[in-house]
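Survey of secondary and tertiary structure
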Amino acid sequence: MSEVKLAAAVRTEFGKGAARAIRRNAQVPAVVYGHGSEPAHVTLPAHDLALALRTPNVLLSLDIDGKNELAIPKAVQRDAIKGFLVHVDLLLVKRGEKVTVEIPVQAEGELAAGGNLLEHVLSTVSVEAEATHLPEAVTVSVEGLEAGASVLAGDLELPKGSTLVTDAEAVVLQVLAAQAEEPAAEAETETEAAEGAEA
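Residues numbered from 1 in each chain as written. Predicted model: local features only at pLDDT ≥ 70, side-chain atom pairs only at ≥ 80, totals over all residues. Heavy atoms only, no water.

1. Details of the pairing of strand β2 (residues 27-34)
Residues in a regular strand project their side chains so that they alternate between the two faces of the sheet. Stated formally: Under the scheme applied here, a residue whose accessible area is under 20% of the maximum for its type counts as buried, over 50% as exposed, and between as partly exposed, the area being computed with a 1.4 Å probe on protein chains only. Secondary structure elements are taken from DSSP: a helix is a run of H or I of four residues or more, a strand is a run of E of two residues or more, and numbering for both begins at the N terminus. Strand pairing is assigned whenever DSSP detects at least two bridges linking the two strands.
Within β2, six of the eight residues are buried, which leaves the element mostly enclosed by the surrounding structure. Two strands pair when backbone bridges link them, and β2 and strand β3 (residues 37-45) are joined in this way by seven bridges, in the antiparallel orientation. Across the sheet, residue Val-32 finds its bridge partner in β3, namely Ala-40. Linking β2 to β3, which pair antiparallel, is a turn of two residues; within it His-35 sits at a positive phi near 55°.

Here you go:
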């Protein structure tokens, strides 16, 4: 995975008013923590950070007061209505270090014919991987799966170097039978006809 370089400025003002002023200046308040060090309060460029966060578990190379640090996003707060970044928590990592992250599960392929529905019971699974080689997602084929079929976390083919943390027996995807609406309507018609005959 590629690293995204961001310039981080150390924050000295705190509170809601200060945070609003930071966002007005096209910056996002963030906290960088980990490795037993004191949390660093910084601001990051909003546009560049938003682009970087489009990649799940993106590796960020931060320039903090001339010192280079590697970090991954751990908590991202967005405005509930407008969707802009409000605050970000970043975890410091080192090359070669193992970390646990959530990765999205993506399904590909067509289910067996019959109008069945695919339910995503888990949209992500937890995996452990090397901090500078974090997987972006795991893809699973649902080609030809019939109603009643399910995919467990242990069935997923994880990217090389990743270890499953989620319970292997946890259901990730399941195929639901299509809901039959018409037979119920036919039954009502038959009942009405029977009632009409009795009258």
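2. A word on the sheet that holds β3
Note the threshold: Note on geometry: axes are lines fitted to C-alpha atoms, helical ones only across the stretch in contact, with angles between N-to-C directions running from 0 to 180 degrees. We call two residues in contact whenever any of their non-hydrogen atoms come within 4.5 Å of each other.
Strands sit in the order β1-β3-β2-β6-β5-β4 around a closed barrel of six strands; the barrel is mixed. Averaged over all neighbouring strand pairs, the angle between strand axes comes to 45°, with direction disregarded. Helix-sheet contacts for helix α1 (residues 16-24) involve β2, β3 and β6 (85-93), and the interaxial angle to β2 is about 115°.

3. Brief notes about the side chain of Ser-61
Relative to the assigned elements, Ser-61 resides in strand β4 (residues 59-64). Residue class for Ser-61 comes out buried when judged on its relative accessible area of 3%. In this structure, Ser-61 is in contact with Glu-3, Val-4, Lys-5, Leu-6, Asn-68, Glu-69 and Leu-70, ignoring residues within four places of it in sequence.

4. A short note on the environment of Leu-49
In this structure, Leu-49 sits in helix α2 (residues 46-52). Judged by relative accessible area, which is 0%, Leu-49 ranks as buried. Excluding anything up to four places from it in sequence, Leu-49 contacts Leu-6, Val-28, Leu-44, Leu-60, Leu-85 and Val-88.

5. Quick look at the sheet that holds strand β10 (residues 138-141)
Strands sit in the order β10-β7-β9-β12 across an open sheet of four strands; the sheet is mixed. Two strands bound the open sheet, and with one partner strand each, they are β10 and β12 (163-164). In this structure, strand β9 (residues 124-130) lies alongside β12, joined through two bridges in antiparallel fashion. Its bridge partner being in β12, Glu-128 is matched across the sheet by Thr-163.

6. Comments concerning α1
The condition is simple: The arc in question is the one spanned by the directions pointing from the helix axis to the C-beta atoms.
Looking at α1, one finds that the buried residues are Ala-18, Ala-19 and Ile-22. End-on view of α1: buried residues confined to an arc of 100°, all on one side of the axis. Facing away from the buried surface of α1 by more than 90 degrees, the exposed residues are Lys-16 and Arg-24. Residues of α1 that are buried in the fold lie against β2 and β3.

7. Quick notes on the nonpolar core
Worth spelling out the cut-off: Put simply, buried Ala, Val, Leu, Ile, Met, Phe, Trp, Tyr and Cys residues joined by side-chain atoms within 4.5 Å make one nonpolar core.
Judged by nonpolar contacts, the single largest core of 22 residues is most densely connected at Ile-72, Val-125 and Leu-156. The set of elements that each furnish at least two residues to this core consists of β5 (67-78), β6, β7 (98-108), β9, β10 and β13 (171-176). Broken down by element, this core gets its largest block of residues, four residues, from β7. Apart from residues lying up to four places away in sequence, Leu-156 is in contact with Val-105, Val-125, Val-138, Val-140, Val-151 and Val-172. Within the second largest apolar cluster, 19 residues are counted, among which are Ala-30, Ala-52, Val-88 and Leu-92.

8. Topic: the pairing of β9
Most of β9 sits out of view: five of its seven residues are buried. Sheet analysis places β7 next to β9, joined by seven bridges and oriented antiparallel. Opposite Pro-104, over in β9, you have Thr-124 as the bridge partner.

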